[in-house]
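# Residue-level structure breakdown
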Amino acid sequence: MLTDKTDEELVQLAVSDDPEAFGEIVKRWERKIFALCYGMLNREDEAKDAAQETFIAAFKNLARFRGDAKVSSWLHRIAVNQCLTRKRREKTRSESYIDDSDSTGEKFFKAPSSLTPARLTEKDERIKAVRLAVSALPPDLKQIVVMKEFEEMTFQEISDAMEIPLSTVKSRLYTALKQLRMKLQRTPLEVV
Amino acid sequence: MFDTRNHSDCGFGHEIITYLYREMGSAERKAFEDHLDTCVHCPGELAAFASVSTAIGDWKSGKFDPLSTPQFVLPKDATEKASRAGLVASPSVSEKLQALILNLPGMFKTASAFAAIALAAGLAWVVFGGLLTPDEIAVVPPVEEKSTSTAVELPVVVRSEPADDEAIEENSENSNVPLPVTNPQNSRKETVNRSRKSSVVRENDRLGPREGPAKSDSKDQAPDKLQPESLPAIQRLTELAEIDEEGDNEDAGLRLSDLFAGTDER
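Residues numbered from 1 in each chain as written. Chains lettered and ligands numbered in written order. Predicted model: local features only at pLDDT ≥ 70, side-chain atom pairs only at ≥ 80, totals over all residues. Heavy atoms only, no water.

### Describing the overall build of chain B
Let me state the cut-off plainly: In this description a helix means any DSSP run of H or I spanning at least four residues, a strand means any run of E spanning at least two, and both kinds are numbered starting from the N terminus. Relative accessibility under 20% of the residue-type maximum defines a buried residue, over 50% an exposed one, and the middle range a partly exposed one, all with a 1.4 Å probe and only protein chains included. We call two residues in contact when some of their heavy atoms are within 4.5 Å. Residue-level accessible areas treat just the shown protein chains as cover; the underlying method is Shrake-Rupley with a 1.4 Å probe.
Within chain B one finds twelve helices and zero strands. The helix and strand sequence of chain B, counted from the amino end, reads α-α-α-α-α-α-α-α-α-α-α-α. Burial statistics for chain B: of 266 residues in total, 21% are counted as buried. When contacts within chain B are restricted to residue pairs at least 6 apart in sequence, long-range pairs at least 24 apart make up 58% of them. In the form shown here, chain B has an accessible surface area of approximately 18900 Å², with 57% of it arising from carbon and sulfur atoms.

Written out as structure tokens, the structure reads:
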């Protein structure tokens, strides 16, 4: 059974020309990688493309995968590189991610029916402010925030995926939250 | 870029993060909650971080969670490129060498083929040539004592005249014997001697019919096969035969002895 195997064993099977093995890897990581790309890029279409490119790049470079590294680390590194490449490309075009994402992402937003229109507007403003603040973070801090909040990974998993010490993960997240708090001081952040 | 030290004013920055995301053990959590009761900085910082985290959570739940996970399909060309790039199995050294030779231009292919043939020939010489002794390699027919030349040449056979049957018969009689290696000059001298003998035979042939009567074809051909020294005796024998035909056979034995006595004298 492929579901019983570790990520590293699946990679070995995929290198041995087992097409279902790589499918299992995609199945395990597609949601998390998509979340990471969404958190880094703030756009659904860009996140889909980046995640797709991530798995294609991983598939093409399966033979180069180092056995001593973790598949999660490998996939995250590829995904972050894909996102940064797209960010740089978009910067050269002088396009705003946030403004575009508001128009493309609205159709997927379904607010609870219990909220009044005023509360809905307030929440939208708050979300928009958070998205702006997160987007302004340095890439290494932003990656930690997205991995923690969007992928819901533990500190240890982030440490393994990024191949950095656990204390460094906590320090980076602390720094990121502190910067976010300072940026959002002008926006009232009510805990709903 | 950023300070990796504990940023909390009271030195509990890591604990605030760990407590916020509920990854703290029970004993550690109890100790940190005791600290929160007494600290003036940590409860405010924890509340601010919780608000930021909740806002990010709202963003996730409002924008990302409704999104369905896209179906990631590897395009066909990606799998083909992967297989071409050696994803399944890296080519062996022999396969790489074979591909290299096949991709060479025509001239280099021909040169490689010649090099391979030369290499094979050299290997064959080393393997098989090394097994033979020098005597076995130089298999040469025995050389005549008179021969001074080391060159191996076949004897020159002069077949210019049909009358030179003597030399042909000699060769035919000795056909089972290996041909001697002769010096071309010696063989030329021998040929000259044989032609001289042949000229004697032809002279006798020319004279024979003139002196004796015409006989059958078998008698005409007989002298050609005899030695030149016995030809005068044959002429005498012919004369005696003519005398016998006339009925005088009494002195035949004496005449025959005379005949052979004459031959001995020669």
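Moving on from the coordinates now.
### Digging into the overall build of chain A
Scanning chain A for helices and strands turns up nine helices and zero strands. Listed N to C, the secondary structure of chain A is α-α-α-α-α-α-α-α-α in terms of helices and strands. With 192 residues in all, chain A has 53% of them scored as buried. In chain A, 63% of the contacts between residues at least 6 apart in sequence involve partners at least 24 apart.

### What to know about the pattern of salt bridges
Proximity of charged atoms lets side chains of opposite charge pair with each other. How we decide: A pair is scored as a salt bridge if a Lys or Arg side-chain nitrogen falls within 4 Å of a carboxyl oxygen belonging to Asp or Glu.
This model, assessed by the stated rule, comprises 13 salt bridges over all chains. In this structure, B:Glu23 engages A:Lys148 in a salt bridge whose closest nitrogen and oxygen atoms are separated by 2.2 Å. Of the two residues, B:Glu23 sits in the loop between α1 (13–20) and α2 (26–38) while A:Lys148 sits in helix α7 (residues 139–149), which places them in two different chains. We classify B:Glu23 as partly exposed; its relative accessible area is 29%.

### With respect to α1(B)
Residues and elements named next belong to chain B. Extensive coverage of α1 is indicated by the burial of six of its eight residues. Gly13, His14, Ile16, Ile17, Thr18 and Leu20 are the residues of α1 that are buried. Of the residues trailing α1, arginine 22 is marked for its positive phi of about 55 degrees.

### Side note on the packing of helix α2 (residues 19–41) of chain A against helix α3 (residues 42–64) of chain B
Selection rule: Angular values range over 0 to 180 degrees, each being the angle between N-to-C directions of two axes fitted as lines to C-alpha atoms, with helices fitted over their stretch in contact. Note on terminology: angles under 35 degrees are roughly parallel, angles over 145 are roughly antiparallel, angles of 65 to 115 are roughly perpendicular, and the others are oblique. Helix crossings are classified by the rotation of the near helix relative to the far one: an anticlockwise turn of less than a right angle makes the crossing left-handed, while a clockwise turn makes it right-handed. Residues are grouped as follows: Ala, Val, Leu, Ile, Met, Phe, Trp, Tyr, Cys and Pro are nonpolar; Asp, Glu, Lys and Arg are charged; all remaining types, including Gly, are polar.
Orientation of α2(A) relative to α3(B), taken along the N-to-C sense of each, is 110 degrees, at an axis distance of 12 Å. Judged on the interaxial angle alone, α3(B) and α2(A) are roughly perpendicular. Here the hand of the crossing between α2(A) and α3(B) comes out right-handed. Side by side, α2(A) and α3(B) meet where A:Arg31, A:Phe34, A:Ala35, A:Tyr38 and A:Gly39 of the first sit next to B:Trp59, B:Lys63 and B:Phe64 of the second. Tallied by class, the residues present in the contact of α2(A) with α3(B) amount to five nonpolar, one polar and two charged.

### Here's the deal with the confidence of the model for chain B
Low pLDDT means the predicted atomic positions in that stretch should not be read closely. All names here are of chain B. Where we set the bar: The predictor attaches a confidence to each residue, called pLDDT, with possible values from 0 through 100.
Residues of chain B with pLDDT of at least 70 account for 32%, and the chain-wide mean is 63. In this model residues 85–91 is a low-confidence stretch, pLDDT under 50, and it forms nine contacts with partners more than four residues away in sequence or in other chains. Complex prediction metrics read pTM 0.53 and ipTM 0.81.

### Quick notes on the packing of aromatic side chains
Inclusion rule: What counts as a ring pair is set by centres within 6.5 Å for rings of Phe, Tyr and Trp (its six-membered ring), and what kind of pair is set by the plane angle: stacked under 30 degrees, edge-to-face over 60, tilted for all other angles.
One pass over the structure, following the stated rule, counts 13 aromatic pairs over all chains. Geometrically, the ring pair formed by A:Tyr174 and B:Phe49 is edge-to-face, given 5.3 Å between the ring centres and 85 degrees between the ring planes. In this pair, A:Tyr174 sits in helix α9 (residues 166–183) while B:Phe49 sits in helix α3, so the two residues belong to two different chains. For A:Tyr174, a relative accessible area of 1% puts it in the buried group. Of the aromatic side chains, those joined through ring pairs into one cluster are A:Phe34, A:Tyr38, A:Phe150, B:Trp59 and B:Phe64.

### Side note on the side chain of A:Lys148
Residue classification places A:Lys148 among the buried positions, given a relative accessible area of 7%. Setting aside its immediate chain neighbours within four residues, A:Lys148 contacts A:Met153, A:Thr154, A:Phe155, A:Ile158, A:Leu173, B:Tyr21 and B:Glu23.

### So, α9(A)
Rules: Every helix has an expected span of 1.5 Å times one less than the residues it contains.
For α9(A), built from 18 residues, the straight-helix expectation of 26 Å at 1.5 Å per residue is met to within 8% by its first-to-last C-alpha distance of 26 Å. For α9(A), the full list of buried residues reads A:Thr168, A:Val169, A:Lys170, A:Ser171, A:Arg172, A:Leu173, A:Tyr174, A:Thr175, A:Ala176, A:Leu177 and A:Leu180. On its buried side, α9(A) packs onto α6 (117–135), α7 and α8 (155–162) of chain A together with α1 and α3 of chain B.

### Details of the nonpolar core
Selection rule: Only buried Ala, Val, Leu, Ile, Met, Phe, Trp, Tyr and Cys residues count toward a nonpolar core, and they belong to the same one when joined by side-chain atoms within 4.5 Å.
Core analysis: the largest hydrophobic core is formed by 77 residues, its most contacted members being A:Leu75, A:Leu177 and B:Ile56. The leading source of residues in this core is α2(A), at 13 residues. Those residues in contact with A:Leu177 that lie beyond four places of it in its chain are B:Ile17, B:Leu20, B:Tyr21, B:Phe49 and B:Val52.

### Brief notes about the side chain of A:Ser72
The topology assignment puts A:Ser72 in helix α4 (residues 71–92). Beyond its immediate stretch of four places on either side in the chain, A:Ser72 contacts A:Trp29 and A:Ala161.

### Some details on unusual backbone geometry
Positive phi, close to 65 degrees, is recorded for A:Asn42, a residue that is not glycine. The residue A:Asn42 is located in the loop between α2 and α3 (44–60) in this model.

### Considering the packing of α7(A) against α9(A)
Residues and elements named next belong to chain A. In contact at an axis separation of 9 Å, α7 and α9 are set at 95 degrees when each is read in the N-to-C sense. When the axes of α7 and α9 are compared, the pair comes out roughly perpendicular. Of α9, the residues touching α7 (which contributes Asp140, Leu141, Ile144, Val145 and Lys148) are Val169, Arg172, Leu173, Thr175, Ala176 and Gln179. Its residues placed into classes, the contact of α7 with α9 shows six nonpolar, two polar and three charged.

### Topic: the state of the cysteines
Spelled out, the test is: Disulfide assignment relies on a single distance test, namely cysteine sulfur atoms paired within 2.5 Å.
Counted by the stated rule, this structure contains zero disulfides over all chains. Looking at A:Cys83, it has no disulfide partner, and the nearest cysteine sulfur is the one in A:Cys37, 3.8 Å off.

### Some words on the confidence of the model for chain A
Residues and elements named next belong to chain A. Overall, the prediction assigns chain A a mean pLDDT of 84, with 85% of residues at 70 or greater. Averaged over each element, pLDDT in chain A is lowest for helix α5 (residues 97–105) (47) and highest for α7 (95). Across residues 99–111 the pLDDT falls below 50, and counting only partners more than four positions away or on other chains, this stretch makes 18 contacts in the model.

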